[in-house]
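# Structure at a glance
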Amino acid sequence: MTTPNVEHRMRLFDHRIPSLSAGKHTITVDQTLDATDAALPVHQQRFDVRELRFTIAPTDVQACYPLPGASGSYSQILPHITLDTPALPWLRRLRGQARSVPWMALLVFREDELPDDPQAVGAVDVLTVRQLLGREKPGRPPAIADEYIFDDEWDTVCATVRVPGALFTALAPNPAEMGMLAHVREGGPPDATHTRAADEPEPEPDVEDLNAVVVANRFPAVNGGMHVVHLLSLDGFEDYLNGTTPPAEGLRMVSLWSWSFESVYDTGVGFGDLAHNLATGPDSQPDLLLRRHAQAPTQPTEAQREALDRLASGAAALPQRLDSGERTLAYYRGPLTAAPAQQLPPPGEDRERLESAGEALIYVERHGVFDTSYAAAFSLGRQLSLGDAEFHTALMEFRKAARSAARRLLTRSGPAARAATLEALTGHPAREAFDRLLTEAGGARLNHALNTAGAQLAAGHRRTASTRTAGTAPLAAATLRSTVTQTETRGLLRAALSHELDPVAAWLARLPLLEMIPFEHLVPDPAMLPPESIRFAYTDPHWVRAAVDGALSVGVGHAVDADLNQLAADVAVPPPCAVLLRSDLVPNWPKIIMAASRDGESVEPVRRAVYGDDVLLLLYPQVIDTFTLAEPPQGLHFGFSDIGTIELRQITAPDIGAPMGEFPEDPADDRFACFLRPGGHDVLNIAGPDDALLPALGAAHDDADLSSAQFALQMIKAPQLQEFVRP
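Keep in mind the model is a prediction, meaning the values are calculated, not measured. (Residues numbered from 1 in each chain as written. Predicted model: local features only at pLDDT ≥ 70, side-chain atom pairs only at ≥ 80, totals over all residues. Heavy atoms only, no water.)

Next up on the list: the overall build of the chain. If you tally the helices and strands in the chain, you get 22 helices and 30 strands. Taking all 727 residues of the chain together, 45% fall into the buried category. If you take every contact in the chain between residues at least 6 apart in sequence, the share linking residues at least 24 apart comes to 76%. For the chain, the computed accessible surface area is about 37,000 Å², with 52% contributed by carbon and sulfur atoms. (Helix = DSSP H or I, 4+ residues; strand = E, 2+ residues; numbered from the N terminus. Buried < 20%, exposed > 50% of the residue type's maximum accessible area, 1.4 Å probe, protein only. Contact = heavy atoms within 4.5 Å. Areas by Shrake-Rupley, 256 points an atom, 1.4 Å probe, with all protein chains shown as cover.)

Structure representation (structure tokens):
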């Protein structure tokens with residue numbers, strides 16, 4: 001697709017021709033009396049229209065494309081320049097040419113073409129007009145008579161280049177093509193939005209919003225290299241536009257503006273090719289879910305049907321070695337699935353968690369194979385925990401603090417004390433007891449303790465364990481576990497242990513976002529995500545839950561530790577939708593636009609991750625129904641698409657600009673190659689002999705005679721996009 005779902009308006013005009021062209025003019029007035037047929041003396045008035053001729057002001061140039069000094073793949077675009085003065089290309093009139101023919105042209109030169117600039121970096125010879133017309137440098141200068149040079153122009157400094165005669169003949173557009181290669185664009189950014197009521201007429205353009213655009217007729221080289229672009233004045237070279245052979249010494253031409261860029265080698269595979277291939281692949285309607293495609297037998301057995309169903313859900317068949325040493329196959333599926341994960345029962349009636357990988361191992365008894373998906377998730381979580389010393393330390397500190405807080409909670413005597421406050425758990429018991437000794441009864445307890453302590457010690461009286469714990473019931477593990485599993489107690493402990501719990505919870509919160517999960521667990525079989533493919537998937541919250549249990553299983557000494565793990569185990573549900581893209585689009589178009597939506601509402605990803613250099617993972621908080629890949633916009637420019645076509649656009653109201661399909665439409669054609677001039681210079685044959693582009697475009701529009709604005713409308717190279725819609 002080349003039409004985004006967001007519409008913008010832009011207006012193109014053929015030209016902006018001034019009332020009078022630049023130069024020296026004469027007004028002649030003659031008058032004859034009807035009654036006597038007597039002629040009165042003829043009166044002549046000479047006047048000048050002064051405009052730029054050998055230079056243009058830097059403020060006249062708004063933008064160039066490709067950007068000066070840029071490096072990229074540009075072999076499918078026509079360089080262009082945007083000028084702030086909308087009438088600039090038509091301010092002067094070439095001798096013998098129509099007013100619509102501009103006096104300037106944009107020519108593209110490659111390395112080793114200009115004799116004085118073999119590296120194509122923009123080297124010029126700076127001369128005064130007197131030196132230029134006096135032939136102080138090699139090359140035939142423009143044929144401008146001295147009488148047409150203003151006195152103050154002789155010492156004007158200008159940039160010049162020498163263009164070999166044969167090269168000029170090969171590259172220069174003819175007058176009809178020059179008219180097609182210049183137009184006026186309504187200003188603002190290329191996507192400027194203009195709103196008006198349907199019954200309102202088109203508003204007249206504001207001169208302040210208009211820009212002139214001059215487009216080159218030559219494509220940069222496919223094999224890359226440096227290129228220099230010159231906006232050349234054709235004033236004085238009219239004869240060579242009409243077929244006269246340039247001299248062997250070449251032409252000394254005025255360069256009004258120039259810039260250089262580097263075009264890198266074009267493999268012939270561009271954004272459009274790659275995005276289109278993602279949608280089609282080897283089949284006309286590929287399955288874009290994350291799973292391996294297996295050819296089903298005509299009449300599958302029950303075991304074959306089981307295998308096909310598991311593969312269809314996103315599982316892979318991988319080698320397995322049993323504890324007995326036997327080798328077999330087992331199913332494995334990572335956290336990404338091709339179908340919504342089945343709701344699983346809890347690990348046991350009296351437990352909320354997995355305590356070992358063996359508990360998560362699923363045995364398909366009727367076929368004698370295992371499904372290791374959740375067991376592998378548990379083991380992976382445990383390995384990630386053991387491999388992260390910082391997390392492992394934080395987990396141990398959290399458990400130590402949690403055990404202390406739980407015991408403190410249970411050792412408080414009396415029902416009222418059991419209803420402990422947050423301050424009671426986060427305080428310091430020894431310090432609080434000493435404070436009470438100092439303050440209670442006005443200090444009487446402290447005085448009594450000090451007065452009696454010496455006599456008791458002298459008499460050999462000691463406080464025994466029985467006297468310390470008198471009236472206190474022994475603390476049993478069952479009582480501790482029962483209290484820890486209560487919802488109210490957990491909330492209190494989480495608040496009291498926030499300092500120790502936060503780093504543990506933060507580490508575990510990365511698992512639902514599939515952080516730290518090796519790519520081999522996400523895509524266990526490379527055939528599920530082959531090169532140049534896109535796959536959509538659901539996420540399995542049970543898989544993530546098993547990985548969390550595995551991470552928390554490290555260092556568990558007894559059942560109380562396992563119970564306390566539940567304080568940290570309440571992680572978020574993973575985002576339910578994932579998109580995996582494996583393509584050269586990832587490294588070569590880093591600013592690629594990706595848009596997702598559900599029921600027409602935009603959905604933003606909660607995580608974006610790159611694996612290696614060509615795999616991109618996107619996680620979405622909703623199951624999306626539309627996903628779009630769009631070429632990064634680089635401003636308005638002209639050329640053809642990656643597959644050698646242009647997008648025909650409607651040229652008549654009311655749907656001007658609406659897409660009409662690709663041109664040429666026959667895939668068997670040699671596409672744009674047939675519209676290039678012979679000679680291997682990659683020059684577009686717009687209105688020359690043989691297979692010219694302009695009449696072919698006119699034929700595609702019911703034999704219309706296209707204007708320059710209509711031609712520009714056809715040649716606009718809009719950013720391409722590919723849309724994927726969930727059935």
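Now for the nonpolar core. By size, the foremost hydrophobic cluster in this structure holds 60 residues, and its most contacted members are Ile81, Phe109 and Phe168. Listed in part, the 52 residues of the second largest apolar core include Leu511, Trp543, Ala568 and Leu580. (Core = buried A, V, L, I, M, F, W, Y, C linked by side-chain atoms within 4.5 Å.)

The topology assignment puts Leu107 in strand S8 (residues 104-110). What makes Leu107 buried here is its relative accessible area of 3%. What Leu107 contacts, discounting residues up to four positions off in sequence, is Leu171, Ala172, Pro173, Asn217, Val228, Val229, His230 and Leu232.

This paragraph deals with the side chain of Asp125. Checked against the element boundaries, Asp125 lands in strand S9 (residues 125-128). For Asp125, the side chain forms a polar contact with the side chain of Arg252, separated by 2.9 Å. (Polar contact = N/O pair within 3.5 Å; in protein donor to acceptor, adjacent residues only side chain to side chain.)

So, on to the sheet that holds strand S25 (residues 615-620). The 5 strands lie next to each other as S17-S20-S21-S25-S24, forming an open sheet whose pairing is antiparallel. Each of the sheet's edge strands pairs with one partner strand only, and the pair in question is strand S17 (336-337) and strand S24 (607-611). (Pairing = 2+ DSSP bridges.)

Between helix H16 (residues 498-508) and helix H18 (residues 541-552), the shortest axis-to-axis distance is 11 Å and the interhelical angle comes to 140°. As the angle between them shows, H16 and H18 are arranged oblique. Read as a crossing pair, H16 and H18 show a hand that is right-handed. Counted together, Val504, Trp507 and Leu508 of H16 and Val548, Ala551 and Leu552 of H18 form the full contact between these two elements. (Axes fitted to C-alpha atoms, helices over the stretch in contact; angles between N-to-C directions. Parallel < 35°, antiparallel > 145°, perpendicular 65-115°, else oblique. Left-handed = near helix turned anticlockwise from the far one by under 90°.)

As a further point, take helix H6 (residues 302-312). What sets the pattern is the α-helix's 3.6 residues per turn: residues three or four places apart point alike. All of the buried residues along H6 are Glu306, Leu308, Arg310 and Leu311. Those residues of H6 hidden inside the fold are in contact with strand S15 (316-321), strand S16 (327-332), strand S18 (362-364) and strand S19 (369-371).

The tally for this structure, following the rule as stated, stands at 12 aromatic pairs. Aromatic side chains Phe271 and Trp589 sit 5.9 Å apart centroid to centroid with 70° between the ring planes, which places their arrangement in the edge-to-face category. In this pair, Phe271 is assigned in helix H5 (residues 271-280) and Trp589 in the loop between helix H20 (585-588) and strand S22 (593-598), connecting sequence segments 318 residues apart. Residue Trp589 is classed as buried on the basis of its relative accessible area, which comes to 18%. Ring centres 5.3 Å apart and planes at 40° place the aromatic pair Phe519 and Tyr611 in the tilted group. One end of the pair, Phe519, is in helix H17 (residues 519-522); the other, Tyr611, is in strand S24, and 92 residues separate them in sequence. On the basis of relative accessible area, Phe519 is assigned to the partly exposed category, the value being 23%. For Tyr611, a relative accessible area of 16% gives the class buried. Among the aromatic residues, those joined into a ring-pair cluster are Tyr65, Tyr74 and Phe261. The side chain of Arg50 reaches across the aromatic face of Phe150, ending 4.0 Å from its centre. (Phe/Tyr/Trp six-rings, centres within 6.5 Å; stacked < 30°, edge-to-face > 60°. Lys NZ or Arg CZ within 6 Å of the ring centre and 35° of its normal.)

The next subject is the environment of Leu329. If you trace the backbone, Leu329 turns up in strand S16. The class for Leu329 is partly exposed, based on a relative accessible area of 48%. Those residues in contact with Leu329, other than ones at most four positions away along the chain, are Leu318, Pro319, Gln320 and Val369.

Right, let's talk about the sheet that holds S16 for a bit. The strand order across the open sheet built from 4 strands is S15-S16-S19-S18, with neighbouring strands paired in mixed fashion. Pairing within the sheet leaves two strands with one partner each, and these edge strands are S15 and S18. Each adjacent strand pair in this sheet contributes to an overall mean axis angle of 35°, direction not counted. Across the sheet, H6 is in contact with S15, S16, S18 and S19; its angle to S16 comes to roughly 45°.

Of all the positions in H16, only Leu501, Val504, Trp507 and Leu508 are classed as buried. All buried residues of H16 lie within an arc of 125° about the axis, which places them on one face of the element. (Arc of directions from axis to C-beta.)

When the pLDDT values of the chain are averaged, the result is 84; 85% of them are 70 or greater. Of the regions scoring below 50 in pLDDT, residues 413-420 engages in 7 contacts with residues more than four places distant in sequence or in other chains. The model gives residues 465-473 a pLDDT under 50, and that stretch makes 1 contact with residues more than four places away or in other chains. (pLDDT = per-residue confidence, 0-100.)

Moving on to the packing of helix H21 (residues 693-700) against helix H22 (residues 708-715). Helix packing geometry: the angle between the two helix axes and the distance between the axes. Running from N to C, H21 and H22 cross one another at 85°; their axes reach a closest spacing of 11 Å. Here H21 is positioned roughly perpendicular relative to H22, judged by the angle of their axes. Facing Leu693, Leu694 and Leu697 of H21, the residues of H22 in contact are Phe711, Gln714 and Met715.

What follows concerns the side chain of Ser373. Here Ser373 is to be found in helix H7 (residues 373-386). In this structure the side chain of Ser373 is engaged in a polar contact, spanning 2.8 Å, whose partner is the backbone nitrogen of Arg333. Residues in contact with Ser373, not counting those within four places in the same chain, are Tyr331, Tyr332, Arg333 and Trp543.

On the surface, a cluster of nonpolar side chains totalling about 230 Å² of accessible area is made up of Val124, Val126 and Val157. With respect to the helices, strands and loops of the structure, Val157 is situated in strand S10 (residues 157-163). (Patch = residues over 30% accessible without salt bridge, like charges linked within 9 Å, V, L, I, M, F, W, Y side chains within 5 Å. Salt bridge = Lys/Arg side-chain N within 4 Å of Asp/Glu carboxyl O.)

Outside of glycine, negative phi angles account for most residues, and trans bonds account for most peptide bonds. A cis amide bond, omega -5°, links Tyr65 with the succeeding residue Pro66. Inspection of the secondary structure assignment puts Pro66 in the loop between strand S4 (61-65) and strand S5 (71-72). Positive phi is not limited to glycine here, since Asp690 has a value of about 60°.

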